[in-house]
Amino acid sequence: MKLWKSLIQRKKKKREAFLKLEIKQFGHFPRVKQVLELTSSVMTVQTHIGKVTYSDLEEKICTPDQLHPKPETSALVFGKYFTDHMLEVSWDSEKGWAKPVISPMHNLQLHPGAKVLHYAIELFEGMKAYRGEDGRLRLFRPDRNMARMLNTAKRSSLPTFDANEMIKCIKRLIQIDREWIPHSTTSSLYIRPTLIGTDPSLGVASPNQALLYVLLCPVGPYFTSGFKPISLLADPQYVRAWPGGCGAMKMGANYAPTIYIQKQSELLGHQQVLWLYGPDHQLTEVGTMNIFVFMMNKAGERELVTPPLEGLILPGVTRLSLLELAREWKEFRVVERTITMAEMVEAHEEKRVLEIFGAGTACVVCPISSISYQGRELNIPRSESSLSERFFKTMSDIHYGRLQHPWAVDIE
């Protein structure tokens, strides 16, 4: 191992020496010098040795006086309460990842010039842990969340890490705070891995320092009304994402601009926004959820339709799971394609719309009762034995151990 590291360092020094010589020779050409300096910077990042390793995990457990009282399950709301501990791993472009540390929950110390505060160089994930009816603790498809997190990190010029090692660290954090997982089949433990650029520099460039941290929150149902249909505002003047942008990435910069529009929809009596795109008003997402339309197509076939993954929408883990379940059931057509409001209006007028619902980690599945669009009110039908309820029950059965499934990953 030492010999291997020595060889890497030797090759790294040769590359750096070569680049310094090139920069010196071509320095009078500003653009060439800029490219060479950028190449040197990239090489420094790519050849770092430090990695996130579970075996290096350090634990600093709360003393009895640092423990917080746990809220009643009935009082849980999304993201308000935090557990006793958090996980942190710092990163430096020269040293790579430091040792992961679990410690008592605390405030972060950031320089006011930290890149995250000025250029939103950050990302996050949303996962859940569940206490099954059999008492066992489970995660739901954590590998999918880590894969998405790594994709977003690359798009954000933030460092990547070993997904399996990070999952092990997260599992350990949950084990330590296991008593915070609600003893309820309507509640869960929300997991928020976050990665931010922290170096104190106002230069618009890739960060040289970063912090990955994980918070845990006991949560109840995302919508306090429970599994009840919600109404949507569909206004084409507002756009969430566009081709070539970051709509498929889970970064905070995608969420902040939507809050104002969400408030406007609430003032008009709606619960969420149906995000449209383009001159043909394509359906993309509903609030922070992926959208599904269950309908009869013009050939008289039942069809479950959801927008394709072409850069406009987030590749949701719940979205993927519902598609895989539906294809496994083989009871109706399952299609990923563009859906427009013109098609929705036509299908609604012809009474071919069977059901519309959103899907995401926070709410799992959420039925939709109506869509307000350009002066029209599209009231969405919903039968007593709806597909959304079937999806919700199947997913819940997997989450809480009533249905054994490989998507449910044991924590202990």
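Here the structure is a predicted model, which means the values were calculated and not measured.

Trainee: Provide a residue-level description of the pairing of strand 14 (residues 302-306), including the pertinent values.
Mentor: Here strand 14 lies mainly inside the structure; four of its five residues are buried. Examined bridge by bridge, strand 13 (residues 289-296) and strand 14 share four bridges and lie antiparallel to one another. Along strand 14, the bridge assignment pairs Phe294 with Leu304. The hairpin turn running from strand 13 into strand 14, its antiparallel successor, is five residues long, and Gly300 in that turn takes a positive phi close to 85°. Where strand 14 and strand 15 (residues 333-336) come together, four bridges link them in parallel fashion. Along strand 15, the bridge assignment pairs Thr306 with Glu336. Taking the sense of rotation as the criterion, the β-α-β connection linking strand 14, helix 7 (residues 317-329) and strand 15 turns out right-handed.

Trainee: So what's going on with helix 9 (residues 387-399)? Which residues, and what values?
Mentor: When the terminal C-alpha atoms of helix 9 are compared, their 18 Å separation across 13 residues agrees well with the 18 Å that a helix rising 1.5 Å per residue should span. By the burial criterion, the buried members of helix 9 are Leu387, Ser388, Phe391, Thr394, Met395, Ser396, Asp397, Ile398 and His399. Looking one or two places after helix 9, you find Gly401, whose phi comes out positive at around 80°.

Trainee: Tell me what's going on with the confidence of the model for the protein, and back it up with residues and numbers.
Mentor: Averaged over all residues, the pLDDT of the protein is 89; the fraction at 70 or higher stands at 87%. Low confidence marks residues 18-49, where pLDDT is under 50. Its contacts with residues over four positions away, or in another chain, come to 29 contacts.

Trainee: I'd love a proper account of the packing of helix 7 against helix 9, names of residues and values included.
Mentor: When two helices pack together, their arrangement is captured by the angle between the axes and the distance separating the axes. Where helix 7 meets helix 9, the axes come as close as 11 Å, and the angle between the chain directions of the two elements is 105°. Here helix 7 is positioned roughly perpendicular relative to helix 9, judged by the angle of their axes. Taking contact as the criterion, the partners of Thr318, Ser321, Leu322, Leu325, Ala326 and Trp329 in helix 7 are, on helix 9, Leu387, Arg390, Phe391, Thr394 and Met395. Residue composition of the contact of helix 7 with helix 9, grouped by class: seven nonpolar, three polar and one charged.

Trainee: An account of the pattern of salt bridges is needed here, citing residue identities and associated values.
Mentor: Within this structure, the stated rule accounts for 26 salt bridges. Among the salt bridges present, the one from Arg136 reaches Asp410, with a minimum N-O distance of 2.2 Å. With Arg136 in the loop between strand 6 (127-131) and strand 7 (137-140) and Asp410 in strand 19 (residues 408-410), this pair connects stretches of sequence that are 274 residues apart. Among the residues examined, Asp410 registers a relative accessible area of 27% and is labelled partly exposed. When the shortest N-O distance is used, the salt bridge between Glu336 and Arg327 registers 2.9 Å. Linked by salt bridges that have partners in common, Glu301, Glu303, Arg333, Arg337 and Glu343 make up one network.

Trainee: Which residues make up the side chain of Glu343, and what are the values?
Mentor: Relative to the elements of secondary structure, Glu343 occurs in helix 8 (residues 341-349). Dropping the residues within four chain positions of it, Glu343 is found in contact with Met295, Arg337 and Thr338.

Trainee: I'd love a proper account of the packing of aromatic side chains, names of residues and values included.
Mentor: One pass over the full model with this rule turns up nine aromatic pairs. Note on Phe357 and Phe391: the rings are 5.9 Å apart at their centroids and 55° apart in plane angle, and the pair reads as tilted. Placement of Phe357 in strand 16 (residues 353-360) and of Phe391 in helix 9 is noted, with a sequence separation of 34 residues between them. The exposure class of Phe391 is buried, given its relative accessible area of 0%. One aromatic cluster is present, formed by Phe292, Trp329, Phe357 and Phe391 through successive ring pairs.

Trainee: An account of the nonpolar core is requested, with residue identities and associated values reported.
Mentor: In terms of nonpolar packing, the biggest core is built from 35 residues, with Leu87, Phe161, Met166, Ile174, Ile191 and Leu195 touching the most fellow members. Those elements that place two or more of their residues in this core are strand 2 (85-92), strand 6, strand 7, helix 4 (142-155), helix 5 (163-176), strand 8 (188-197) and strand 9 (209-219). In terms of residue count, the dominant contributor to this core is helix 5 (six residues). Once residues within four sequence positions are removed from consideration, Ile174 is found in contact with Ala129, Leu139, Ile181, Leu189, Ile191, Leu216 and Ile411. Counting residues in each nonpolar core, the second largest holds 26 residues, with Ala234, Met341, Ala347 and Cys363 among its members.

Trainee: If you had to explain helix 6 (residues 256-267) to someone new, which residues and values would you point to?
Mentor: Buried within helix 6 we find Thr258, Ile261, Gln262 and Ser265. Along the long axis of helix 6, the arc covered by the buried residues comes to 110°, so they all point the same way. The exposed set on the far side of helix 6, more than 90 degrees from its buried face, consists of Ala256, Ile259, Tyr260 and Leu267. Of the residues one or two after helix 6, Gly269 is the one with positive phi, at around 90°.

Trainee: Residues and numbers for the environment of His118, please.
Mentor: If you trace the backbone, His118 turns up in helix 3 (residues 115-119). With relative accessibility at 41%, the residue His118 sits in the partly exposed group. When the C-alpha positions of His118 and Ser201 are compared, they lie 9.6 Å apart, and in sequence the two are 83 residues distant. Once you skip the residues sitting within four places of it in the chain, His118 turns out to touch Pro112, Gly113 and Leu202. At 2.7 Å, the side chain of His118 forms a polar contact with the backbone oxygen of Pro112.

What counts and what doesn't
- Residues numbered from 1 in each chain as written.
- Predicted model: local features only at pLDDT ≥ 70, side-chain atom pairs only at ≥ 80, totals over all residues.
- Heavy atoms only, no water.
- Buried < 20%, exposed > 50% of the residue type's maximum accessible area, 1.4 Å probe, protein only.
- Helix = DSSP H or I, 4+ residues; strand = E, 2+ residues; numbered from the N terminus.
- Pairing = 2+ DSSP bridges.
- Right-handed = clockwise from strand over helix to strand, strands pointing away.
- Expected span 1.5 Å × (residues − 1).
- pLDDT = per-residue confidence, 0-100.
- Contact = heavy atoms within 4.5 Å.
- Axes fitted to C-alpha atoms, helices over the stretch in contact; angles between N-to-C directions.
- Parallel < 35°, antiparallel > 145°, perpendicular 65-115°, else oblique.
- Nonpolar A, V, L, I, M, F, W, Y, C, P; charged D, E, K, R; others polar.
- Salt bridge = Lys/Arg side-chain N within 4 Å of Asp/Glu carboxyl O.
- Phe/Tyr/Trp six-rings, centres within 6.5 Å; stacked < 30°, edge-to-face > 60°.
- Core = buried A, V, L, I, M, F, W, Y, C linked by side-chain atoms within 4.5 Å.
- Arc of directions from axis to C-beta.
- Polar contact = N/O pair within 3.5 Å; in protein donor to acceptor, adjacent residues only side chain to side chain.

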